[in-house]
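# Inside the fold
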Amino acid sequence: MLAAVTARLRIFQALPAGLCDVDATQLAELLGGPALIHVPGDAQPALFVSVLLHGNETSGWNALRRLLAHDQPLPRSLLMFIGNVHAAAQGLRMLASQQDFNRIWRGEVPGAEGELAASVARTIRGTALFAAVDLHNNTGHNPHYSVLTRLDASCRGLAYLFSNTAVYVEEPDTVLARLFDELCPVVTLELGPVNDAMCEERALDFLRRLLVLDAIPTEAALELFQSRARVHVRDDVGFSFAEDGRATPLVLTSGVEAVNFHALAVGTPFGRSTRPVTDVLKVLDAAHRDVTQAYFTQHNTVIALRRDVVPAMYTTDPLVVRQDCLCYFMEPLALPPNFR
């Protein structure tokens, strides 16, 4: 039953009838908008799980609906947030009129998305939580990995339940995971491409194992990376990839997508342009400073790396490049001994 409507947020105290029978494209019609849904289970406090912050990233929802359809009663209570259902109805990351649902969770955000974030935050801050998990798909060839906004032992242990590869990020600092900084262990899972059936299986397996735990493990042999910069194609620059065979102001080197999470050495070609590199690419560090010249050099038309980097989430999807970014640059991260 519908318990309350706060701003654009729907809050349910039980599973709406038929919820597990619908795919992501039908959720807007059933729920009416973004929703927080309480599902009682045998143990407290509840596990928070969010899906569909990006409407075209459906593996998390598919895993969650399978869990709810077949694993009742749950071994632990669940509080789930179903995000951008209106974009999901059209199979899009977000609608042209919307702000990114994973960039609204810190600071004063104007508009309907800001009201939504504030409504969720008010509810969450009055709720005891076991842990929080945000489920995403990504583009490009990447291993299954976790994203950490905190490096404490419980967050690392939560990440290790999914994969031995994790990335620590400080930017963007407006992602949903930031909502849980003071509340509970939190992790974002990057499940892989939406068309890969294993993404759904990995998410379902993770949730089932997490729901039966009495405590989050604090030992984790993770391969850690730290995200240092985000690479953007400038908004007014037309671009293509070398394999496209098109003449555009910026032509990006083929094959970078295939080496996500592998080191690229200084001097590696990244693209070519007759314009200065600072006119076609923009690299922002964690403090949102323009550090393009620290990462790229240019000789004639060839744009190359000025330093060693490890790329992540490099994508050849033009829409994702425009709405989010081309890729991230990382470096390996070694924690001090006995870091807790």
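These remarks concern the structure in this document. Residue indices follow the written sequence of each chain, beginning from 1 at its first position. For a predicted model such as this one, the threshold for reporting local features is a pLDDT of at least 70, and the threshold for listing and counting side-chain atom pairs is 80 or more; totals across whole chains, interfaces and linings nevertheless cover every residue. As a rule here, side-chain values cover all heavy atoms of the structure and leave hydrogens and water aside.

### Observations regarding the layout of surface pockets
Formally: A 1.4 Å probe that fits but cannot get out identifies a cavity on a 1 Å grid over protein atoms alone, an open set with protein on both sides within 12 Å along at least five of seven lines counts as a pocket, and a residue lines either if it has an atom within 4 Å of a point. Grid points are joined across faces, edges and corners, and a volume is the space filled by probe spheres set on the points. Strands here are runs of E lasting at least two residues and helices are runs of H or I lasting at least four, both read from the DSSP assignment and numbered beginning at the N terminus.
The volume enclosed by the largest pocket comes to roughly 660 Å³. Taken together, 40 residues make up the lining of the largest pocket; nearest its centre are Asn-137, Asn-138, Glu-190, Met-313 and Asp-324. When residues of the lining of the largest pocket are traced back to their parent elements, those giving at least two are strand S6 (129-136), strand S7 (145-148), strand S9 (186-190), helix H9 (318-323) and strand S18 (327-332). If you tally residues by element for the lining of the largest pocket, the top one is H9, at 3 residues.

### Considerations on the pairing of strand S10 (residues 223-233)
Stated formally: For every residue, the accessible area (1.4 Å probe, protein chains only) is compared with the maximum for its type, and the residue is labelled buried under 20%, exposed over 50%, or partly exposed between those bounds. Between any two strands, at least two bridges found by DSSP are needed for them to pair.
Counting buried positions over the 11 residues of S10 gives 9, a clear majority of the element. Sheet analysis places strand S8 (residues 165-168) next to S10, joined by 4 bridges and oriented parallel. Residue pairing in the sheet places Val-167 in a bridge with Phe-225 of S10.

### Examining unusual backbone geometry
The linkage connecting Gln-44 with the following residue, Pro-45, adopts the cis geometry, with an omega of 0°. With respect to the helices and strands, Pro-45 occurs in the loop between strand S3 (35-39) and strand S4 (46-51). The backbone of Phe-261 sits at a positive phi, close to 70°, despite the residue not being glycine. Inspection of the secondary structure assignment puts Phe-261 in the loop between strand S12 (250-252) and strand S13 (269-272). A positive phi angle is found at His-288, which is not glycine, with a value near 65°.

### Some details on helix H2 (residues 59-70)
Using the following cut-off: Expected helix span is taken as 1.5 Å per residue step, with the number of steps being one fewer than the number of residues. Every residue pair with non-hydrogen atoms within 4.5 Å of one another is taken to be in contact.
Counted at 1.5 Å a residue, the expected span for H2 with its 12 residues is 16 Å, and the 17 Å between its end C-alpha atoms agrees. Across the 12 residues of H2, 9 count as buried, placing the element largely inside the fold. Every buried residue of H2 is accounted for by Ser-59, Gly-60, Trp-61, Asn-62, Ala-63, Leu-64, Arg-65, Leu-67 and Leu-68. The inward-facing, buried residues of H2 abut helix H1 (27-31), S3, S4, strand S5 (78-82), S6 and helix H6 (197-211).

### Some remarks on the pattern of salt bridges
Note the following rule: Salt bridges, as used here, are contacts in which a Lys or Arg side-chain nitrogen is within 4 Å of a carboxyl oxygen on Asp or Glu.
Under the criterion given, the structure shown has 16 salt bridges. Asp-152 is paired through a salt bridge with Arg-150; the nearest N and O atoms lie 2.9 Å apart. Given the relative accessible area of 17%, Arg-150 is considered buried. As a salt-bridge pair, Glu-171 and Arg-230 come within 2.4 Å of each other at their nearest N and O atoms. Of this pair, Glu-171 sits in the loop between S8 and S9 while Arg-230 sits in strand S10; the two residues are 59 residues apart in sequence, bridging distant segments of the chain. Each member of the pair, Glu-171 as well as Arg-230, carries the same accessibility label: buried. Here the salt bridges do not stand alone but share partners, grouping Glu-57, Arg-93, Asp-100, Arg-103, Glu-171, Arg-230 and Asp-324 into one network.

### A short note on the sheet that holds strand S15 (residues 296-299)
Backbone hydrogen bonds hold the strands of a sheet together, and the pairing may be parallel or antiparallel. So the rule is basically this: For helices, the axis comes from a line fit to the C-alpha atoms of the stretch in contact; other axes are also lines fit to C-alpha atoms, and the angle between any two N-to-C directions lies between 0 and 180 degrees.
With respect to topology, 5 strands assemble into an open sheet ordered S11-S12-S13-S16-S15, the strand pairing being mixed. Since the sheet does not close on itself, it has two edges, and those belong to strand S11 (239-241) and S15, each with one partner. Taken pair by pair, the neighbouring strands of this sheet meet at an average axis angle of 30°, ignoring direction. Of the pairings in the sheet, the one linking S13 to strand S16 (residues 302-305) comprises 3 bridges and is antiparallel in character. The residue of S16 that forms the bridge with Arg-272 is Val-302.

Purely spatial values, then, with no claim about function.
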